[in-house]
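Secondary and tertiary structure notes
If you want the building blocks of each chain, they are given just below.
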Amino acid sequence: MTHFLDPEEVDHPLTTKEGWTAFTTEATTPPDILAPAALQRLTEAERTTYDQALEDYHAQLVIVSTPTIRHVTATGRKRILLNRHQHSARRGLIVSGPAGTGKTTAITQLGKNYEQLGRRRGEILPDSLPVVYVTVPPAATPKMLAIEFARFIGLPLPSRFSQVEVTNKVCDLLCTLGCRLVLIDELHNLDIGTRVGAEASDQIKYLSERIPATFVLAGVDVEGTGLFAGRRGGQIASRYTLIPTSPFRHKTEEQRGSWRSLVATLEESLRLRAHQPGTLLDLSSYLHDRTGGMIGSLSHLVREAALDALLDGSEKITKASLERVDLDESAEQQNIPRARRRRRSGGTKHVA
């Protein structure tokens, strides 16, 4: 007999209406840290539930309001206001930078903040769909892009539909649903140097004309993809503001202070019983060396170390426990001393 999950238990991806709704309505509440006596009074089932809550919390932790997030959110809000009464040539944003510098987090936080604020103010009707979030599939064609929009909405489409029919259905429905913000991620998957890639780029421009929304695009180093080159690129460059992202620097006192503030916020969010406050802050220079100043790598490092601390029962993060975490290869290679140790040992060196 086949068993199916309850629809409410399915973990929908962010690129679906259900996943986006869950994202915009979720509220992360830090779990209480129970005293040893209180822990002993828990039943086995209660202890399991408590442990799972701690693990789930530390697997996510908090979204830190970085300068990039603040810049994208503030600029995006102004673009939405400017475009409110524009009938054509609406202005958009492109967020571009190396992998791991917070591009996806920045644009999704813009969408979340816009939708939450609009619903609180009563500016967004209950049954509307104010924000759409899609990703560009590899080797995307114009039809594939339109299908990604249809998938987000949950719009069933016969396979016989042509590109024009899919596009028209998507545009008509999004206009009806009051879409005002379109987020398109993984823009680097468009190969502008090919005919198909160029046509897919034209499709984004066409969608931005048909749908009365602000378009915000994000991708890895999109300036180098040829997106702004030629006649097509000139049209894009004239309508979009580029917001570059980069790793956190660590040379000036101001830069070190910004990094320390980020580390402190992550440390304050921890709910580990034996963790010594200030440990991560004291290790801020080490953390920058380990991660190359990449916010994505830092988040990974702290979250995995926290999970290790819960699973091994130590409930604290130390430099030794941070050393045991294997980061993404980009971060590991940037840490030259660590990379040398790994090569000498034939792999990742673990510190006891």
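Structure report, in brief. Note that the coordinates shown come from a computational prediction; the quantities given were computed from them, not determined experimentally.

Attention shifts here to the nonpolar core. In terms of nonpolar packing, the biggest core is built from 53 residues, with Phe149, Leu174, Ile184 and Phe215 touching the most fellow members. A per-element tally of this core places helix H6 (residues 142–153) first, with six residues. Apart from the residues lying within four places of it in its own chain, the contact partners of leucine 174 are Leu129, Val132, Phe149, Ile153, Cys179 and Ile211. Judged by nonpolar contacts, the second largest core, of 29 residues, contains Leu61, Phe248, Leu270 and Leu327.

Following the criterion strictly, the structure yields eleven salt bridges and no others. The salt bridge involving arginine 47 is made with aspartate 51; its shortest N-O contact spans 3.0 Å. Here the residue arginine 47 and the residue aspartate 51 both occupy positions in helix H3 (residues 44–60), the gap between them amounting to four residues, near one helical turn. Put simply, arginine 195 and glutamate 199 hold a salt bridge, and the shortest N to O gap is 3.0 Å. Here arginine 195 pairs with glutamate 199, and both are found in helix H8 (residues 195–210), just four residues apart, close to one helical turn. Residue arginine 195 is classed as exposed on the basis of its relative accessible area of 60%. A relative accessible area of 30% places glutamate 199 in the partly exposed class.

A few words now on the packing of aromatic side chains. With the rule as written, the count across this model stands at three aromatic pairs. Residues tryptophan 20 and tyrosine 133 carry aromatic rings whose centres are separated by 6.2 Å and whose planes lie at 25° to one another, so their mutual orientation is stacked. Highlighted residues: tryptophan 20 in helix H1 (residues 17–25) and tyrosine 133 in strand E2 (residues 131–135), separated in sequence by 113 residues. For tryptophan 20, a relative accessible area of 1% puts it in the buried group.

Moving on: helix H5 (residues 103–121). With 19 residues, H5 should reach 27 Å at 1.5 Å per residue; the first-to-last C-alpha distance of 27 Å fits that figure. Taken residue by residue, H5 has Lys103, Ala106, Ile107, Thr108, Gln109, Leu110, Gly111, Lys112, Tyr114, Glu115 and Gly118 as its buried positions. Glycine 122 sits one or two residues past H5 and shows a positive phi near 80°.

Here helix H12 (residues 284–291) crosses helix H13 (residues 295–311) at 115°, and the two axes come no closer than 9 Å. Note that H12 runs across H13; the crossing there is right-handed. Here Leu287, Arg290 and Thr291 of H12 come into contact with H13, specifically with Ser297, Leu298 and Leu301.

Let us now look at the pairing of strand E3 (residues 181–185). Judged by how many residues are buried, E3 sits mostly within the fold: five of five residues are covered. The alternating pattern of E3 places Leu181, Leu183 and Asp185 and Val182 and Ile184 on opposite faces, both of which are buried. Pairing of E2 with E3, which is carried by five bridges, proceeds in the parallel orientation. Residue valine 132 lies in a different strand from E3, and its bridge partner there is valine 182. As paired elements, E3 and strand E4 (residues 214–220) share four bridges and run parallel to each other. Pairing of leucine 183 across the sheet is with valine 216, part of E4. For the crossover that starts at E3, traverses H8 and ends in the parallel E4, the hand is right-handed.

Turning our attention to the sheet that holds strand E5 (residues 240–244). The sheet built from five strands is open, its strands ordered E2-E3-E4-E1-E5 with parallel pairing. Both outer strands of the open sheet, E2 and E5, are each paired with one neighbouring strand and no more. Averaged over all pairs of adjacent strands, the angle between strand axes in this sheet comes to 15°, irrespective of strand direction. The sheet contact formed by strand E1 (residues 92–97) and E5 spans five bridges and is parallel.

Along the polypeptide, serine 321 turns up in helix H14 (residues 319–323). Taking the C-alpha atoms as reference points, serine 321 and valine 302, separated by 19 residues in sequence, lie 9.9 Å from one another. At 2.8 Å, the side chain of serine 321 and the backbone nitrogen of threonine 318 are in polar contact.

On to the packing of H6 against H8, then. Two elements in contact, H6 and H8, have axes whose closest approach is 8 Å; the angle formed by their N-to-C orientations is 40°. With respect to each other, H6 and H8 are oriented oblique. Contacts between H6 and H8 involve Pro142, Leu145, Ala146 and Phe149 from the first element and Val196, Glu199, Ala200, Gln203, Ile204 and Leu207 from the second. For the contact of H6 with H8, the per-class residue count stands at eight nonpolar, one polar and one charged.

Cut-offs and rules
- Residues numbered from 1 in each chain as written.
- Predicted model: local features only at pLDDT ≥ 70, side-chain atom pairs only at ≥ 80, totals over all residues.
- Heavy atoms only, no water.
- Core = buried A, V, L, I, M, F, W, Y, C linked by side-chain atoms within 4.5 Å.
- Buried < 20%, exposed > 50% of the residue type's maximum accessible area, 1.4 Å probe, protein only.
- Helix = DSSP H or I, 4+ residues; strand = E, 2+ residues; numbered from the N terminus.
- Contact = heavy atoms within 4.5 Å.
- Salt bridge = Lys/Arg side-chain N within 4 Å of Asp/Glu carboxyl O.
- Phe/Tyr/Trp six-rings, centres within 6.5 Å; stacked < 30°, edge-to-face > 60°.
- Expected span 1.5 Å × (residues − 1).
- Axes fitted to C-alpha atoms, helices over the stretch in contact; angles between N-to-C directions.
- Left-handed = near helix turned anticlockwise from the far one by under 90°.
- Pairing = 2+ DSSP bridges.
- Right-handed = clockwise from strand over helix to strand, strands pointing away.
- Polar contact = N/O pair within 3.5 Å; in protein donor to acceptor, adjacent residues only side chain to side chain.
- Parallel < 35°, antiparallel > 145°, perpendicular 65-115°, else oblique.
- Nonpolar A, V, L, I, M, F, W, Y, C, P; charged D, E, K, R; others polar.

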